[in-house]
Structure formats: structure tokens, C-alpha cells
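Here is how the chains run, residue by residue.
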Amino acid sequence: MRFVRDNSLSIVFGLLFLGALIGQSIAGYSNENELLTAHQEPTISYGDYLTSSSFGVEMLENWQSEYLQFTLFILATIWLFQRGSSESKEEHDLGLETDEDQRVGRHADAGSPRFARTKDWRYRLYANSLLLVMLAIFIGSWFGQSVTGWTNYNEEQQQHQQAKISWISYLGTGEFWERTLSNWQSEFLAVGSMAIFTVYLRQRGSPESKPVGAPHEETASSG
């Protein structure tokens, strides 16, 4: 039970993710077979749908936009400032901060990770590991979206007795960029809204909000 309590936030969101993914797959499977029936084509099994490009592209286009949001927000909050926002650092903390602030090298304490103690290549990798992992997931899922979208596009081309196109050609299509940018704009809107909303709005008890009684101009505080 201690493990569950200590990891309850990630466990709950992991379960929500799985529930939503299963729900998406069931709804998508139903919709896919409805379309096939409408076109007088044979329906497919649930297993076939899960391995189809149709399901893959719908799933991955959301993943890539979410991880793009995290990647850009992690990077932007190093250098950019929003006065009064709990999502921003204090103005005097902008930048990479000092070794003392970051508790690295000779400023590391007993509980510091091992790679924070010696400033070699392992330290440099670890010091940027969050950004690098988020960036890698974004690139991987965006690539996966492009491949599954391309496969799905060519399947539709074949159904309409039209010529298939190469993967490179698909990257220049309106369909690929419509799928991509429709997700990106929603992520940018959400992040920008959160940054400015936390200046003036409150949620008692949430670390994403300032304390209810904090002045609007108070920056980087958490309630």
C-alpha cells in the first residue's frame, strides 16, 4: 500500500491512459467496420484493427503533439518568463542557474544522483536527460505517425483505384500537415492558457496553482 500511495499520481494517470486507449480502440473498431459495411466491404476483427494503420495513426498523432508540448515547455521555461505565473521561474532564476542552485559537482549532497557529483559527459547527459527523452519520444511518435498515416493514405488510394505515393511524397501532403498542425495548435493553446491563467486564477491545494491568497504578481509559487 505504501508503494501505491507513493506512486498514486502516476498510477492513476496510467490507468486513465489505458482506459482511454481501450475506449478509443473499441470506438475506432466500431467506426471502421461501419465504414467497411457502408462500402460493402468485408469487416475486420478487433485484433486486425489494433495492428492497422488506421488505429496507429489516430493514436500516434496525439502522442507526438503531447510530447512536443512537453519538450517545448521544458526548454522554454529555462529562458522565458511570465510574471505572476506558477508555471514560470522567478526572473532572477532564468537560464541554467548556478552549480550551487542545481546542487551539482562539489555542491551535491548525500541524496544527489551519482551523475550529479562528477561533471563529466555523464553529468552533461543526465543534466539534459528529461529534455532528451521527451524529444526522442516526440520524434519517434511523429515518425510513427508519418509511417502509419502514409500506409493508411495508400490504402485509401488503392481503394479508389488511384496510384500509391512514396513516404517522402506523403510528408508533403495536406493530409499529413493537417493531422499534425491540428494537434500542435491545441497543445500550444493549452500551454499558453495555463501559463496566463495561473497568474489570476487559483485552485486550493494544487501544486499547479499559487496559494489562494498569493498576489497576482507573485511568480513561481505553488499552493
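Look a little higher up for the structure.
Only a predicted model underlies this, so the values are computations on that prediction, with no experimental measurement involved.

About the thresholds
- Residues numbered from 1 in each chain as written.
- Predicted model: local features only at pLDDT ≥ 70, side-chain atom pairs only at ≥ 80, totals over all residues.
- Heavy atoms only, no water.
- Axes fitted to C-alpha atoms, helices over the stretch in contact; angles between N-to-C directions.
- Helix = DSSP H or I, 4+ residues; strand = E, 2+ residues; numbered from the N terminus.
- Parallel < 35°, antiparallel > 145°, perpendicular 65-115°, else oblique.
- Left-handed = near helix turned anticlockwise from the far one by under 90°.
- Contact = heavy atoms within 4.5 Å.
- Nonpolar A, V, L, I, M, F, W, Y, C, P; charged D, E, K, R; others polar.
- Polar contact = N/O pair within 3.5 Å; in protein donor to acceptor, adjacent residues only side chain to side chain.
- Core = buried A, V, L, I, M, F, W, Y, C linked by side-chain atoms within 4.5 Å.
- Buried < 20%, exposed > 50% of the residue type's maximum accessible area, 1.4 Å probe, protein only.
- Phe/Tyr/Trp six-rings, centres within 6.5 Å; stacked < 30°, edge-to-face > 60°.

Between two packed helices, the angle of one axis relative to the other and the distance separating the axes together describe the packing. Two elements in contact, helix H4 (residues 53–79) and helix H9 (residues 174–200), have axes separated by 9 Å at closest approach and are oriented at 40°. Considering the angle they form, H4 stands oblique to H9. As for how H4 packs across H9, the hand of that crossing is right-handed. Across the interface between the two elements, Val-57, Glu-58, Glu-61, Asn-62, Gln-64, Ser-65, Glu-66, Leu-68, Gln-69, Leu-72 and Phe-73 from H4 touch Arg-179, Thr-180, Asn-183, Trp-184, Glu-187, Phe-188 and Val-191 from H9. Looking at side-chain class alone, the contact of H4 with H9 contains seven nonpolar, six polar and five charged residues.

Turning our attention to the side chain of Thr-198. By secondary structure assignment, the location of Thr-198 is in helix H9. Looking at Thr-198, its side chain comes within polar contact range of the main-chain nitrogen of Ser-86, at 3.4 Å. With residues near it in sequence (within four places) discarded, Thr-198 still touches Gly-84, Ser-85, Ser-86, Glu-87, Glu-208 and Lys-210.

Let us look at the nonpolar core. In terms of nonpolar packing, the biggest core is built from five residues, these being Leu-21, Tyr-49, Phe-55, Met-59 and Leu-60. The dominant element in this core, judged by the number of residues it contributes, is H4, at three residues. Tyr-49 has contacts with Ser-25, Gly-28, Tyr-29, Glu-32, Ile-44, Ser-54 and Phe-55, leaving out every residue within four places of it along the chain.

Moving on, we get to the packing of aromatic side chains. By the definition in use, this model includes 16 aromatic pairs. For the pair Tyr-67 and Phe-70, a centre-to-centre distance of 5.8 Å together with 75° between the ring planes defines the contact as edge-to-face. With a gap of three residues between them, Tyr-67 and Phe-70 both fall in helix H4, about one helical turn apart. On the numbers, 5.7 Å between centres and 65° between planes, the contact of Tyr-170 with Phe-176 is edge-to-face. Residue Tyr-170 is classed as buried on the basis of its relative accessible area of 0%. Residue Phe-176 is classed as buried on the basis of its relative accessible area of 3%. Three or more aromatic residues joined by ring pairs make a cluster, and in this case those are Phe-138, Trp-142, Tyr-153, Tyr-170, Phe-176, Trp-177 and Trp-184.

Read these as layout, nothing more, since geometry by itself doesn't imply function.
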